[in-house]
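Residue-level structure breakdown
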Amino acid sequence: MIVKRVLSAYGAGGVRGVVGAIVRRIRTPTARCFPLCRQFVSGATGIEIGGPSSIFARYGMIPLYPAAKRVDNCNFARSTLWEGAIEEGHSFAFNSRSARGQQFIAEGVDLNMIPSDDYRFLLSSNMLEHTTNPLAALVEWKRLLEAGGGLILVLPHRDGTFDHRRPITTLDHLVLDFENSTPETNLDHLPEILALHDLARDPGAVDEATFRERAQRNGTVRGLHHHVFDTRLAMEVVSWAGFDLLAAEPLKPCQIVVVAQKPYGQASRTTLTASDVAEVLQKSPFASDRK
């Protein structure tokens with residue numbers, strides 16, 4: 001297995017590719033919230049929305065895949081920009097040492113084929129910004145979790161991405177999207193994206209003409225970031241959806257990690273006080289959080 005990985009890295013980038021792969025494994029930091037996340041995941045069955053994600057892999061910043069008993073997965077289509085062709089059924093390979101999980105093909109805001117209270121944890125990395133209705137997604141994800149189950153949510157921070165010129169989305173805006181049941185075909189944000197998207201920071205954009213053409217097909221491609229998050233908004237949306245907020249951690253180069261829990265009945269177990277939130281924002285590596 002190790003030889004195969006070395007040969008793969010060499011084939012992709014020569015000696016430099018091999019060295020780079022080794023350095024990434026040595027230097028990849030583990031998020032401070034990892035032990036908390038692992039409490040929900042260890043030996044348990046969960047689901048990921050939009051996986052697989054390198055951040056949860058063995059050498060990622062939050063290496064949760066190896067700790068899980070099983071991870072199922074949901075993607076919106078049988079082919080995506082990130083994964084190529086996807087096969088529905090027991091085909092989700094989240095960890096080389098684990099049995100494959102169930103792969104669902106469905107919208108992340110409508111998972112009616114999955115019973116309520118079915119999973120101990122839910123993972124999502126760099127997916128929520130791609131949906132037009134993040135609050136509807138979070139409410140649906142909470143339904144899938146058993147009482148006391150954990151949400152580990154990773155979002156891109158505006159300051160560290162190609163969205164850095166765009167304004168942060170407001171919670172009020174997201175509430176309107178929820179109330180209006182905004183569909184995935186909606187392109188209200190497209191003019192702003194085309195005007196302010198930083199092509200130099202987006203290796204997948206190729207050039208302006210190619211990016212524009214792809215963006216106009218977003219109903220089937222789903223490459224656009226409809227909404228732009230900072231750490232404050234990431235915490236707000238999770239709390240609005242009815243989760244108990246346990247931890248938030250902004251991480252360079254461009255990540256926000258939020259850990260939350262589905263309440264036991266009506267009892268709240270939120271552990272982040274107002275002063276805790278203020279401290280998270282003040283210590284953030286992202287300038288907009290500290291304003």
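What follows deals with the overall build of the chain. Helix and strand counts for the chain stand at nine helices and 10 strands. Within the chain, buried positions represent 51% of all 291 residues. Relative to all contacts within the chain whose residues are 6 or more apart in sequence, the contacts with residues 24 or more apart total 74%. Per element, the accessible surface of the chain, about 14,000 Å² overall, is 54% carbon and sulfur.

Relative to the helices and strands, serine 116 is located in the loop between strand 6 (101-105) and strand 7 (119-125). Sequence separation between serine 116 and glutamate 140 is 24 residues; the distance between their C-alpha atoms is 9.2 Å. Once residues within four sequence positions are removed from consideration, serine 116 is found in contact with Arg143 and Leu144. One polar contact links serine 116 to arginine 143, side chain to side chain, over a distance of 3.0 Å.

For the rest of this paragraph, the subject is the pairing of strand 10 (residues 255-261). With respect to burial, strand 10 is a largely interior element, seven of its seven residues being buried. Both faces of strand 10 are covered, namely the face carrying Gln255, Val257, Val259 and Gln261 and the face carrying Ile256, Val258 and Ala260. Alignment of strand 8 (residues 145-156) against strand 10, held across seven bridges, turns out to be antiparallel. Bridge pairing in strand 10 places leucine 151 opposite alanine 260. Note: strand 9 (residues 244-251) against strand 10, seven bridges, orientation antiparallel. Bridging across to strand 10, alanine 247 finds its partner in valine 259.

Our focus in this paragraph is the packing of aromatic side chains. Each aromatic ring pair is characterised by the separation of its centres together with the angle its planes make. This structure, assessed with the given rule, holds four aromatic pairs. Consider the rings of tyrosine 65 and phenylalanine 94, whose centres lie 5.9 Å apart with planes at 65 degrees: the pair is edge-to-face. With tyrosine 65 in the loop between strand 1 (45-49) and strand 2 (70-75) and phenylalanine 94 in the loop between strand 5 (89-92) and strand 6, the pair connects residues that are 29 residues apart, well separated along the chain. Of the two residues, tyrosine 65 and phenylalanine 94, neither departs from the other in class, the shared state being buried. When the centroid spacing of 6.3 Å and the interplanar angle of 25 degrees are considered together, the rings of phenylalanine 92 and phenylalanine 94 count as stacked. Phenylalanine 92 sits in the buried class, given a relative accessible area of 3%. Given the relative accessible area of 6%, phenylalanine 94 is considered buried. Among the aromatic residues, those joined into a cluster by ring pairs are Phe56, Tyr65, Phe92 and Phe94.

On to the confidence of the model for the chain. Averaged over the chain, the pLDDT score is 89; the fraction of residues at 70 or greater is 88%. Predicted confidence is poor over residues 1-13, with pLDDT under 50, and the contacts of this stretch with residues over four places away or in other chains come to nine contacts.

If you trace the eight strands from one edge of the open sheet to the other, you get 5-6-2-1-7-8-10-9, paired in mixed fashion. Of all the strands in the sheet, the pair left with one neighbour each is strand 5 and strand 9. Going from strand to strand, the sheet's axes swing by 25 degrees on average, the running direction of each strand aside. Pairing of strand 2 with strand 6 involves three bridges; the strand directions are parallel. Within the sheet, the bridge partner assigned to asparagine 73 lies in strand 6 and is glutamine 103.

Turning next to the nonpolar core. By size, the foremost hydrophobic cluster in this structure holds 38 residues, and its most contacted members are Trp141, Leu151, Leu153 and Val238. With residues up to four places along the chain from it excluded, the contact list for valine 238 reads Leu138, Leu151, Leu153, Phe243, Leu245, Val258 and Ala260. Grouped together as the second largest cluster of nonpolar side chains are 26 residues, Ile55, Leu64, Leu246 and Val259 included.

About the criteria used
- Residues numbered from 1 in each chain as written.
- Predicted model: local features only at pLDDT ≥ 70, side-chain atom pairs only at ≥ 80, totals over all residues.
- Heavy atoms only, no water.
- Helix = DSSP H or I, 4+ residues; strand = E, 2+ residues; numbered from the N terminus.
- Buried < 20%, exposed > 50% of the residue type's maximum accessible area, 1.4 Å probe, protein only.
- Contact = heavy atoms within 4.5 Å.
- Areas by Shrake-Rupley, 256 points an atom, 1.4 Å probe, with all protein chains shown as cover.
- Polar contact = N/O pair within 3.5 Å; in protein donor to acceptor, adjacent residues only side chain to side chain.
- Pairing = 2+ DSSP bridges.
- Phe/Tyr/Trp six-rings, centres within 6.5 Å; stacked < 30°, edge-to-face > 60°.
- pLDDT = per-residue confidence, 0-100.
- Axes fitted to C-alpha atoms, helices over the stretch in contact; angles between N-to-C directions.
- Core = buried A, V, L, I, M, F, W, Y, C linked by side-chain atoms within 4.5 Å.

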